[in-house]
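Residue strings, one per chain:
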Amino acid sequence: GGYGELCEWFASVSFMLGVLNLIPAEGFDGGRMLSVAVSSLFGPRASARLLSLTGFVSIVVLWMLSVWLLVRYGISLSLFVFTLSLFYRLFVEKA
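Rules used throughout
Residues numbered from 1 in each chain as written. Predicted model: local features only at pLDDT ≥ 70, side-chain atom pairs only at ≥ 80, totals over all residues. Heavy atoms only, no water. Axes fitted to C-alpha atoms, helices over the stretch in contact; angles between N-to-C directions. Helix = DSSP H or I, 4+ residues; strand = E, 2+ residues; numbered from the N terminus. Parallel < 35°, antiparallel > 145°, perpendicular 65-115°, else oblique. Left-handed = near helix turned anticlockwise from the far one by under 90°. Contact = heavy atoms within 4.5 Å. Nonpolar A, V, L, I, M, F, W, Y, C, P; charged D, E, K, R; others polar. Expected span 1.5 Å × (residues − 1). Buried < 20%, exposed > 50% of the residue type's maximum accessible area, 1.4 Å probe, protein only. Arc of directions from axis to C-beta. Core = buried A, V, L, I, M, F, W, Y, C linked by side-chain atoms within 4.5 Å.

A. Representation of the packing of helix 3 (residues 44–73) against helix 4 (residues 77–92) within the structure. Their axes nearest at 8 Å, the elements helix 3 and helix 4 cross at an angle of 155 degrees. As far as their axial angle goes, helix 4 and helix 3 are roughly antiparallel. In the crossing of helix 3 with helix 4, the sense of the turn from one axis to the other is left-handed. On helix 4, the residues touching S52, G55, F56, I59, L62, W63, L65, S66, V67, L69 and L70 of helix 3 are L77, L79, F80, F82, T83, L84, L86, F87, L90 and F91. A class-by-class count of the residues in the contact of helix 3 with helix 4 yields 17 nonpolar, 4 polar and no charged.

B. Quick look at helix 4. Over its 16 residues, helix 4 runs 21 Å from end to end, which matches the ideal 22 Å to within 8%, given 1.5 Å per residue. Those residues of helix 4 that fall on the buried side of the exposure criterion are L79, T83, L86 and L90. Down the axis of helix 4, the buried side of the element spans an arc of 60 degrees, and every buried residue falls inside it. Facing away from the buried surface of helix 4 by more than 90 degrees, the exposed residues are L77 and S78. If you follow the buried residues of helix 4, they end up packed against helix 3.

C. Region of interest: the nonpolar core. Counting 9 residues, the largest nonpolar core is built from I23, A25, F28, I59, L62, L69, L79, L86 and L90. The set of elements that each furnish at least two residues to this core consists of helix 3 and helix 4. In this structure, L69 is in contact with G74, I75, S76 and L79, ignoring residues within four places of it in sequence.

Here's what the structure looks like:
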């Protein structure tokens with residue numbers, strides 16, 4: 001009944017947040033893992049450059065997915081707003 005559906009919903013939201021946290025962008029666990037791995041091999045400067053590039057590409061891909069979902073199915077406005085705020089925070093505020 002209702003309790004099982006609620007547990008399933010919480011599990012799916014938790015899983016999605018975990019996947020989202022693996023984005024290779026600054027401030028996310030995926031970005032930290034990428035930064036540590038690349039820094040140990042190529043140094044901190046290369047790590048910062050690669051992290052900036054992968055963060056940008058990841059957010060643009062996520063934004064394109066949100067636009068496609070919004071246009072195709074009329075859903076995912078929250079993902080669209082989330083990606084716009086991420087883009088602003090990571091790339092516009094730092095400029």
